Structures are given as structure tokens and as C-alpha cells.
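Overview (structure and organization)
What follows is the residue order along each chain.
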Amino acid sequence: MKKTFVLMIAVFAFAMVFTSCTKEGQYMPSKKISEIVFSKTYKSPLGTEISRTEREVWNWNGKLLSYIDYYDATGDRSTTLFRYDDDQRIEEINYGSYTAEFDYEDGLIEEIQITNEYGDLVVKYAFEHKGKTVTAIDINSNGSKSLEQLPFNPLKVIIPENAAKRALQGAATKGSSRMVLTWTGKNVTGLDIIGSTKASYKWDYDDKINPFKGLYDVEQSRCDLIYSENNVTREEMTDATAVVVENYSYTYDSKYPVLKEWDAQESDPAGLVTLTIHCVNQYKYQ
């Protein structure tokens, strides 16, 4: 969920094929999410299992998403607030003491700036387009601060969470990083990260509706791509040391996913034990 507080800095998310969203920065899905439940079951090499559940409650004002309440495994709540301009495009996202501000030019997002509670710039995203399609994103961080200190990851909504971490590692250590996107039809099928940390990603998709397309959200950490119309079924990451593949399965209600499942691996803080994690995301709609 949103709280993978490891390398985090703020902003982005997802959406669907049949939506009234016609402009970049708009999120007005025809089928609105009301709640997402995130469940993780950790399995140790000895067979011990530990389960953890977190959830999000989505609150709408008519056809626009107003705010999301996040509840961690202990029940503690945090909130992300959305503000819109007169064209119903996301203008500002606020999470705690951090704010993401969106600038548009000719109807397209030109840049997103994230500032802290004192108004200091933390990170800036500059977008490149070919026509109306995003082809590259430059990430420039404040050299006086480590992006790893931030409580959220702006990229985790644009690209799968693992890819976001890679991109931010480069930005955190060098001050800048660049992401180049490859498209096949209406889905992003490739991503090259250029910076101190280099990696390449490839994605396969199903033919069903991605219910998050078009939403830029500071807090999300799912594997859906903000720009893709369908749901990721396979992710392949290649870097200098390894090739990592993750597969995702879905249960649908008509063309909309109501359940997403995948297995992941995670090391304990000391790096001594590798745990297998079975992850389940349950989506509820209005």
C-alpha cells in the first residue's frame, strides 16, 4: 500500500478505458472505487505465517475524488486531499506536510513540484510529450535533502512500485534521474531509467479496464501504470545484477478487477532471511 516508507517522495497513479476523462490531469471514472483492502501474508522458510491488512477509503464529491483515508495495520489513519482547477484537472495534492502542485501548458502537464511545510522545493518532475502522449519524465531533487527521507513516493503511481524505487535511488543520490517510456497501443510496455541507478522494465497486460488510469496520487503504491488502459499481468525488471519477474492474476466483475493477487519476496531488516509474501488487493466500487 502507500506505506512502503523506504524511498519515497510523492505523486502519481492510474485509470480506465471507459471514462469521461479526456484531458491529462483529470480523473472521472465511470465506475468509482469506494474501498481498497490490502492483505499480505508473510511466510518464513520455517513455514511460519504472519498476516497484515491495510485499507483505503475513497471519498467522492460528485464525479471528482475528494480525499482518501488510509488505515494501516494498527488502525492509524492518514489522509490525502485533492484540489482541482476550473477544468476539473488535479491542481494540488496534499499529504500531511507535503504538497504536490501541478502546472499545465496547452492542456498537458508540464511539471509537478513537491514542497514541504515550509514551502521548500523537495522534488520536481518535468514531463515530455509527443502529441498528447508522455514519452519521458525528468526527476530533479533538492540536493540538500535525501529523497529517502520523504514519507511517500510520487512515482509509485506512475510506474510499478519496484521501478519507482529504482528511479528514486538515482534521484536521491545524484539529484536527477530520467525515465523514458515505451508505448504499445494504449499501454506503457517499457521503461528505461537513466541515472546513477540504471534499470529497464517490460510489462504485459490483460484486456480489462484499469480502474486507476488518470489519477495522480501521492500515496499509492500499486503496480498499475498511471497511463495504461489495461492491467499489468507480468513485470520484468533488468538491471546490472539480476532479472526479476513478477506475475499478477485478477478476478473480475465484468471488465473491472475486484481482486489482484501476486507473490513477492522481501528480506528481513538484517538481510538474513528471505520471506515469501502473498499479496492480495481487493477493490470495492460504488
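Above: the structure in question.
What this report covers is the structure whose coordinates are included nearby. None of the values given here were measured: they were computed from a predicted structure.

Reading the values: the criteria
- Residues numbered from 1 in each chain as written.
- Predicted model: local features only at pLDDT ≥ 70, side-chain atom pairs only at ≥ 80, totals over all residues.
- Heavy atoms only, no water.
- Helix = DSSP H or I, 4+ residues; strand = E, 2+ residues; numbered from the N terminus.
- Buried < 20%, exposed > 50% of the residue type's maximum accessible area, 1.4 Å probe, protein only.
- Contact = heavy atoms within 4.5 Å.
- Polar contact = N/O pair within 3.5 Å; in protein donor to acceptor, adjacent residues only side chain to side chain.
- Phe/Tyr/Trp six-rings, centres within 6.5 Å; stacked < 30°, edge-to-face > 60°.
- Lys NZ or Arg CZ within 6 Å of the ring centre and 35° of its normal.

Helix and strand counts for the protein chain come out as 1 helix and 17 strands. Taking all 286 residues of the protein chain together, the buried fraction comes to 51%. Excluding contacts between residues fewer than 6 apart, the proportion of contacts in the protein chain whose partners are at least 24 apart in sequence is 53%.

With that settled, consider the side chain of Asn230. Take Asn230: it is sitting in the loop between β12 (199-205) and β13 (232-238). A polar side-chain atom of Asn230 sits 3.0 Å from a polar atom in the side chain of Asn187. In this structure the side chain of Asn230 is engaged in a polar contact, spanning 2.8 Å, whose partner is the backbone oxygen of Lys208.

What follows deals with the environment of Asn94. By the element assignment, Asn94 lies in strand β5 (residues 90-95). The exposure class assigned to Asn94 is partly exposed, which follows from its relative accessible area of 23%. With 27 residues separating them in the primary sequence, Asn94 and Tyr67 have C-alpha atoms 9.4 Å apart. Non-local contacts of Asn94, meaning those with residues more than four positions away in its chain, are made with Thr79, Thr80, Leu81 and Thr99. In this structure the side chain of Asn94 is engaged in a polar contact, spanning 3.4 Å, whose partner is the backbone oxygen of Tyr98. Within polar-contact distance, the side chain of Asn94 engages the side chain of Thr99 at 3.1 Å.

It is worth spelling out the packing of aromatic side chains at this point. Between two aromatic rings, the relevant description is the distance of the centres plus the angle of the planes. Here the structure, examined in full by the defined rule, presents 9 aromatic pairs. Their ring planes at 45° and their centres at 6.2 Å tell us that Trp183 and Tyr227 sit as a pair that is tilted. In this pair, Trp183 is assigned in strand β10 (residues 176-184) and Tyr227 in the loop between β12 and β13, connecting sequence segments 44 residues apart. Trp183 gets classed as partly exposed once you look at its relative accessible area, which sits at 26%. Ring centres 5.8 Å apart and planes at 20° place the aromatic pair Tyr201 and Trp203 in the stacked group. Judged by its relative accessible area of 2%, Tyr201 falls in the buried class. Residue classification places Trp203 among the buried residues on the basis of a relative accessible area of 3%. Ring pairing ties together the aromatic residues Tyr27, Trp58, Trp60, Phe212 and Tyr283, which thus form one cluster. The residue whose ring lies beneath Lys31 is Tyr285, and the NZ or CZ to ring-centre distance is 5.3 Å. The positively charged end of Arg89 is found above the aromatic ring belonging to Tyr104, 4.0 Å away from the centroid.

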